[in-house]
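# Descriptive analysis of the structure
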Amino acid sequence: DTGVSQNPRHKITKRGQNVTFRCDPISEHNRLYWYRQTLGQGPEFLTYFQNEAQLEKSRLLSDRFSAERPKGSFSTLEIQRTEQGDSAMYLCASSPGGVLNSPLHFGNGTRLTVT
Amino acid sequence: GDSVTQMEGPVTLSEEAFLTINCTYTATGYPSLFWYVQYPGEGLQLLLKATKADDKGSNKGFEATYRKETTSFHLEKGSVQVSDSAVYFCALALSPNSGNTPLVFGKGTRLSVIA
């Protein structure tokens, strides 16, 4: 169990640029989640996948955000035309599907700063 | 909507003091309840959970009891240590039967334990 891996750890970008983050879940986990966390707040749900299928998207996920998990393994989260309000920690988590109330395993996150 | 409210921090305690972090929830269904902990520089990790009313979750000396009548899941520890310094998040997940499984988190409570 190597844990959930997220890259990059930090990303600084200028407003209007596009950014892409990657998440590698624990290998046997078929559920993958994206959350966003701003300073002083708890994680807010963005979207999640069961294998390659994107099952739910939060209203927080504007049309500038897109997430993919093409082969049911790693996932990418892309933000187009970044805004300063996008500055946050983006968290990825995974869990084994089909196990009732199985815990989420979180990565260390990607911190995005939009200048 | 479903939500979790936890006490504001930061909480500062001396080593061996008693800890309580309050958490109450609002949910339309029958949620499972969780406490996650985030140590400095690390990702969130599950501390304990309870899946039905009157269940008690426990781990590392921490306990929380699922109280349906008061919609609460307060976290307690009888004697805190410096190593318990972290941010603690209360969270809920609706029953899988409701078709909605992503976690809803509280804002987090920062605990600092001083020697």
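See the structure printed just above.
For clarity, every value in this text was computed on a predicted model and none was experimentally measured.

Bringing the overall build of chain A into the picture now. Regarding its fold elements, chain A presents zero helices and eleven strands. When the helices and strands of chain A are placed in sequence order, the string is β-β-β-β-β-β-β-β-β-β-β. For 115 residues, the compact-globule formula gives about 13 Å, and the C-alpha radius of gyration of chain A, at 13 Å, lands near that figure. Counting only C-alpha atoms, chain A reaches 40 × 25 × 25 Å along its principal axes. Out of the 115 residues in chain A, the part that is buried amounts to 45%. Pairs at least 24 residues apart make up 52% of the contacts formed inside chain A by residues separated by at least 6 positions. Charge centroids of chain A, computed over 14 positive and 11 negative side chains, lie 6 Å from each other.

This brings us to the packing of aromatic side chains. For the structure shown, the criterion picks out 13 aromatic pairs over all chains. Pairing Y25 of chain B with Y66 of chain B gives two aromatic rings, centres 6.0 Å apart and planes at 85°, and the pair type is edge-to-face. Note that Y25 of chain B is positioned in strand β4 (residues 23-26) and Y66 of chain B in the loop between β8 (62-65) and β9 (75-77), a separation of 41 residues in sequence. The pair Y25 of chain B / Y66 of chain B is uniform in exposure class, with both members buried. In this structure an aromatic cluster arises from ring pairing among Y33, Y35, F45, Y48 and F106 of chain A together with F34, Y36, F89 and F105 of chain B. A cation sits over an aromatic face here: R22 of chain A above F74 of chain A, 3.9 Å from the ring centre.

Residues and elements named next belong to chain A. Within the open sheet, the four strands sit side by side as β1-β3-β8-β7. Their pairing is antiparallel. Strands with a single pairing partner mark the edges of an open sheet, and in this sheet they are β1 (5-7) and β7 (65-68). Here the average twist between neighbouring strands, direction ignored, is 15°. The sheet contact formed by β1 and strand β3 (residues 19-24) spans three bridges and is antiparallel. Within β3, the residue paired with S5 across the bridge is D24.

As a further point, take the side chain of S95 of chain A. Structurally, S95 of chain A can be placed in strand β9 (residues 88-95). Residue contacts for S95 of chain A: discarding those within four places in its chain leaves H29, N30, R31, Y33, S102, P103 and L104 of chain A.

This part takes up the state of the cysteines. Evaluation of the coordinates by the stated rule reveals two disulfides over all chains. Here C23 of chain A engages in a disulfide with C92 of chain A; their sulfurs sit 1.8 Å apart. In this structure, the disulfide formed by C23 of chain A and C92 of chain A twists by about -70° around the S-S bond and is classed as left-handed. Separated by 69 residues along the polypeptide, C23 of chain A in strand β3 and C92 of chain A in strand β9 bring together distant segments of the chain. Taking the relative accessible area as the measure of exposure, C23 of chain A reaches 0% and is therefore buried. Between the sulfur atoms of C23 of chain B and its disulfide partner C90 of chain B the distance amounts to 2.0 Å. Judged by the sign of its S-S torsion, about -70°, the bond between C23 of chain B and C90 of chain B is left-handed. Here C23 of chain B, found in strand β4, pairs with C90 of chain B, found in strand β10 (residues 86-93); they are 67 residues apart in sequence, far enough to count as distant.

Attention shifts here to the pattern of salt bridges. Residue and element names in this part refer to chain B. Taken as a whole and assessed by the stated rule, the structure comprises six salt bridges over all chains. Here E63 ties to K56 by a salt bridge, and the two come within 3.6 Å at their closest N and O atoms. Under the relative-accessibility criterion, E63 is labelled partly exposed at 33%. Taking the relative accessible area as the measure of exposure, K56 reaches 52% and is therefore exposed.

Cut-offs and rules
Along each chain, numbering runs from 1 in the same order as the chain's sequence is written. For naming, the first written chain is A and the first written ligand is 1, with later ones following in the order written. Totals for whole chains, interfaces and linings use every residue, but because this is a predicted model, local features are given only for residues with pLDDT of at least 70 and side-chain atom pairs only at 80 or more, for both listing and counting. As a rule here, side-chain values cover all heavy atoms of the structure and leave hydrogens and water aside. Numbering goes from the N terminus for both helices and strands, where a helix is a DSSP run of H or I of at least four residues and a strand is a run of E of at least two. To get the radius of gyration, use the C-alpha atoms; to get the globule rule, take the number of residues to the power 0.38 and multiply by 2.2 Å. The buried label applies to any residue whose accessible area, calculated with a 1.4 Å probe on protein chains only, is under 20% of its type's maximum; exposed applies above 50%, and partly exposed to all values in between. Residues are treated as being in contact if the distance between any of their heavy atoms lies within 4.5 Å. By the counting rule applied here, Lys and Arg register as positive and Asp and Glu as negative, while His and the ends of each chain are not counted. Charged groups are reduced to one reference atom each: NZ for lysine, CZ for arginine, CG for aspartic acid, CD for glutamic acid. Ring pairs shown here join Phe, Tyr and Trp side chains whose ring centres sit within 6.5 Å, with only the six-membered ring taken for Trp; geometry is labelled stacked below 30 degrees between planes, edge-to-face above 60, and tilted in between. Placement of a charge over a ring requires the Lys NZ or Arg CZ to be within 6 Å of the ring centre, with the centre-to-atom vector within 35 degrees of the ring normal. At least two bridges found by DSSP between two strands are what make those strands a pair. An axis is simply a line fitted to the C-alpha atoms; with a helix, the fit covers only the stretch in contact. Between two such axes, the angle follows the N-to-C directions and lies from 0 to 180 degrees. Cysteine sulfurs are considered disulfide-paired once they come within 2.5 Å of each other. Any carboxyl oxygen of Asp or Glu within 4 Å of a side-chain nitrogen of Lys or Arg constitutes a salt bridge here.

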